[in-house]
Amino acid sequence: MTSSHNSPLRGIIPPMVTPLNSEGSLDSTSLKKLIEHLIEGGVHGIFILGTTGEFSGLSYQTRKELISRTCQQIRGRVPVLVGITDVSLEESIMLADLAKAAGAYAVVAAPPFYNNIDQEELTRYYMQLADHISLPLFLYNMPSHTKLTIDVDTVITLSTHERIIGLKDSSAHAVYFQSLCHAFRDQPDFVLMVGPEEMMAETVLMGGFGGVCGGANLFPKLYVELYNAAMARDFEKVKTCQHAVMEISRNIYQIGQYKSSYMKGLKTSLSFLGLCQPQFAAPLFPFSVDEELELRSRFEIISASLQVQLD
């Protein structure tokens, strides 16, 4: 399913992990494998250079290479969304131009995350960004990382810009998302997607468009199935798939006492599937041998039960 600009994007858009080599360069062999794994799993789009893609730890050279190689490999089979979040407006515009040249569908930008700014400055920033790029733009609400929430009223104001077509919300705040759904009830084309996979199904039931689910890197079919079940109001199926998603969250994303346990658990589990190396952009570092063993045993249990469920 590809999206033209006339039909809004819907479904499961994994925030793709960035496969790296031990010295931090892009692992292009794994990149191809991972992309094919996602497309075979039925995803509705792919989002690169998001939080799960470790964008903030990657050099501009690596970001550029990732954009061009990803778009080349996907060849228009699904829409590609490119993260252009930066503290410099100029760098964001540069990445957006590259994304456009490579054939991406849209770009995604969280608020610039260093300066203390208010909603008026934020509004002006996004308007300026949208004026200077030629691709559609998704706002990205990520208060845990940017220390700033894009207020609902700000989103309403920004939605008047012809290129601002939606928002990805990673606040895990159901009331905020509900308020957005309510605010945009008369603008059915403004795309509202959720980040935290644990609440994806309920937001789809509330009128959301789908999820940018990290776990879909690992098990794309499961998340697509959960999304389809929510769309079809098949509550029995929702319950089964939701249970599996919660088990992934509890077992894979919570090894060790790291604030980055989600990222480490996800990428290391992908390495068990041979889809990337357990290598991270600094300041993140790999699990210890014991942590990896603990993760592998949990991963095998989850994989086995999913195998049964998805067959």
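The rules behind each value
Residues numbered from 1 in each chain as written. Predicted model: local features only at pLDDT ≥ 70, side-chain atom pairs only at ≥ 80, totals over all residues. Heavy atoms only, no water. Helix = DSSP H or I, 4+ residues; strand = E, 2+ residues; numbered from the N terminus. Rg over C-alpha atoms; globule rule 2.2 N^0.38 Å. Buried < 20%, exposed > 50% of the residue type's maximum accessible area, 1.4 Å probe, protein only. Contact = heavy atoms within 4.5 Å. Areas by Shrake-Rupley, 256 points an atom, 1.4 Å probe, with all protein chains shown as cover. Lys, Arg positive; Asp, Glu negative; His and termini not counted. Charge placed at Lys NZ, Arg CZ, Asp CG, Glu CD. Pairing = 2+ DSSP bridges. Right-handed = clockwise from strand over helix to strand, strands pointing away. Axes fitted to C-alpha atoms, helices over the stretch in contact; angles between N-to-C directions. Parallel < 35°, antiparallel > 145°, perpendicular 65-115°, else oblique. Left-handed = near helix turned anticlockwise from the far one by under 90°. pLDDT = per-residue confidence, 0-100. Core = buried A, V, L, I, M, F, W, Y, C linked by side-chain atoms within 4.5 Å. Patch = residues over 30% accessible without salt bridge, like charges linked within 9 Å, V, L, I, M, F, W, Y side chains within 5 Å. Salt bridge = Lys/Arg side-chain N within 4 Å of Asp/Glu carboxyl O. Phe/Tyr/Trp six-rings, centres within 6.5 Å; stacked < 30°, edge-to-face > 60°. 1 Å grid on protein atoms, 1.4 Å probe; cavity = no way out; pocket = protein on both sides within 12 Å on 5 of 7 lines; lining within 4 Å. Points joined across faces, edges and corners; volume = space filled by probe spheres on them. Nonpolar A, V, L, I, M, F, W, Y, C, P; charged D, E, K, R; others polar.

Novice: What am I meant to see in the overall build of the protein here?
Specialist: Helix and strand content of the protein: twelve helices and eight strands. Taking 311 residues into account, the globule formula puts the C-alpha radius of gyration at 19 Å, and the protein, at 18 Å, falls close to it. Out of the 311 residues in the protein, the part that is buried amounts to 56%. For the protein, the proportion of contacts with a sequence separation of at least 24, taken over those separated by at least 6, is 73%. For the protein, the accessible surface area stands at approximately 13500 Å², while carbon and sulfur atoms represent 52% of it. Considering the protein, the positive charge centre built from 24 side chains and the negative charge centre built from 33 side chains are found 4 Å apart.

Novice: Looking at this structure, how should I read the environment of Val80?
Specialist: Among the secondary structure elements, Val80 is positioned in strand β3 (residues 80–83). A C-alpha to C-alpha distance of 5.9 Å links Val80 and Gly45, two positions 35 residues apart in sequence.

Novice: What exactly am I supposed to notice about the pairing of strand β7 (residues 191–194) here?
Specialist: Successive side chains on a regular strand alternate, one facing one side of the sheet and the next facing the other. Residues Val191 and Met193 line one face of β7 and the alternating positions Leu192 and Val194 line the opposite face, and both faces are buried. Sheet analysis places strand β6 (residues 164–169) next to β7, joined by four bridges and oriented parallel. For Gly166, the partnering residue across the bridge sits in β7 and is Val191. With helix α7 (residues 174–183) bridging β6 and the parallel β7, this β-α-β connection has right-handed handedness. What joins β7 to strand β8 (residues 210–211) is helix α8 (residues 200–205), and the crossover it makes is right-handed.

Novice: Would you explain the packing of helix α11 (residues 261–272) against helix α12 (residues 289–310) in this entry?
Specialist: Angle between the axes and distance between the axes: these two values describe a pair of packed helices. Where α11 meets α12, the axes come as close as 10 Å, and the angle between the chain directions of the two elements is 70°. On the basis of their axis angle, the class for α11 and α12 is roughly perpendicular. The handedness of the crossing between α11 and α12 is right-handed. Facing Gly265, Thr268, Ser269 and Phe272 of α11, the residues of α12 in contact are Glu292, Leu295, Arg296 and Phe299.

Novice: Which parts of the structure should I look at to understand the confidence of the model for the protein?
Specialist: Caution applies to low-pLDDT regions: their predicted coordinates should not be interpreted in detail. Per-residue confidence for the protein averages 94 on the pLDDT scale, and 98% of its residues sit at or above 70. For residues 1–5, every residue scores under 50 in pLDDT, and the model assigns this stretch 15 contacts once sequence neighbours within four places are set aside.

Novice: Please clarify how the nonpolar core should be interpreted in this entry.
Specialist: General note: in soluble globular proteins, nonpolar side chains tend to be found buried as a group. The biggest cluster of nonpolar side chains holds 107 residues, and the ones touching the most others in it are Ile46, Val82, Tyr126, Leu129 and Tyr223. In terms of residues, this core owes the most to one element, helix α9 (residues 220–231), which gives seven residues. When neighbours within four sequence positions are excluded, Val82 is seen to be in contact with Phe47, Ile48, Leu49, Ile67, Ala99, Ala104, Ala106, Val107 and Val108.

Novice: Just checking my understanding: could you explain the side chain of Thr123 for this structure?
Specialist: By the element assignment, Thr123 lies in helix α4 (residues 119–132). Those residues within four positions of Thr123 in sequence are excluded, and the remaining contacts are Thr154, Thr157 and Leu158.

Novice: What am I meant to see in a nonpolar patch on the surface here?
Specialist: There is a patch of nonpolar side chains on the surface, built from Val87, Phe113 and Tyr114 and spanning about 350 Å² of accessible area. As for its placement among the helices and strands, Phe113 is situated in the loop between β4 (106–109) and α4. What makes Phe113 partly exposed here is its relative accessible area of 34%.

Novice: What should I look at first to understand the packing of aromatic side chains in this one?
Specialist: Where two aromatic rings form a pair, the distance of their centres and the angle of their planes describe that pair. Within this structure, the stated rule accounts for nine aromatic pairs. With centroids separated by 5.7 Å and ring planes inclined at 65°, the aromatic side chains of Tyr125 and Tyr126 adopt a geometry described as edge-to-face. The same class applies to Tyr125 and to Tyr126, which are both buried. Every member of this aromatic cluster is reached through a ring pair, and the members are Phe219, Phe272 and Phe299.

Novice: Can you help me understand empty space enclosed by the protein in this one?
Specialist: It is a probe the size of a water molecule, rolled over the atoms, that shows where empty space is left. For the structure shown, the criterion picks out one cavity of 30 Å³ or more. Counted as a void, the largest cavity has a volume near 80 Å³. Every residue lining the largest cavity is listed: Leu9, Ile13, Phe47, Leu81, Val108, Phe138, Lys168, Met193 and Val212. Class assignment for the residues of the lining of the largest cavity results in eight nonpolar, no polar and one charged.

Novice: Before we go on, may I ask you to explain the pattern of salt bridges in this structure?
Specialist: Pairs may arise between side chains of opposite charge once their charged atoms sit close together. Taken as a whole, this structure holds eight salt bridges when the rule is applied. Across the pair Lys237 and Glu225 runs a salt bridge whose closest N-O atoms are separated by 3.7 Å. On the criterion of sequence distance, the pair formed by Lys237 in helix α10 (residues 235–252) and Glu225 in helix α9 is long-range, its members being twelve residues apart. Residue Glu247 is joined to Arg250 by a salt bridge in which the shortest nitrogen-to-oxygen separation is 3.3 Å.

Novice: Looking at this model, I keep getting lost on the layout of surface pockets. Mind explaining?
Specialist: There is about 1000 Å³ of room inside the largest pocket. Lining the largest pocket we find 37 residues, and of these Thr51, Thr52, Met142, His145 and Tyr262 sit closest to its centre. For the lining of the largest pocket, the element with the most residues is helix α5 (residues 143–146), which contributes four residues. Considering only residue class, the lining of the largest pocket consists of 17 nonpolar, 15 polar and five charged. Estimates place the volume of the second largest pocket at around 280 Å³. Contributing to the lining of the second largest pocket are 14 residues, with His37, Phe219, Lys221, Gln307 and Leu310 lying nearest its centre. When residues of the lining of the second largest pocket are traced back to their parent elements, those giving at least two are α1 (28–40), α9 and α12. A breakdown of the residues in the lining of the second largest pocket according to their chemical character gives seven nonpolar, four polar and three charged.

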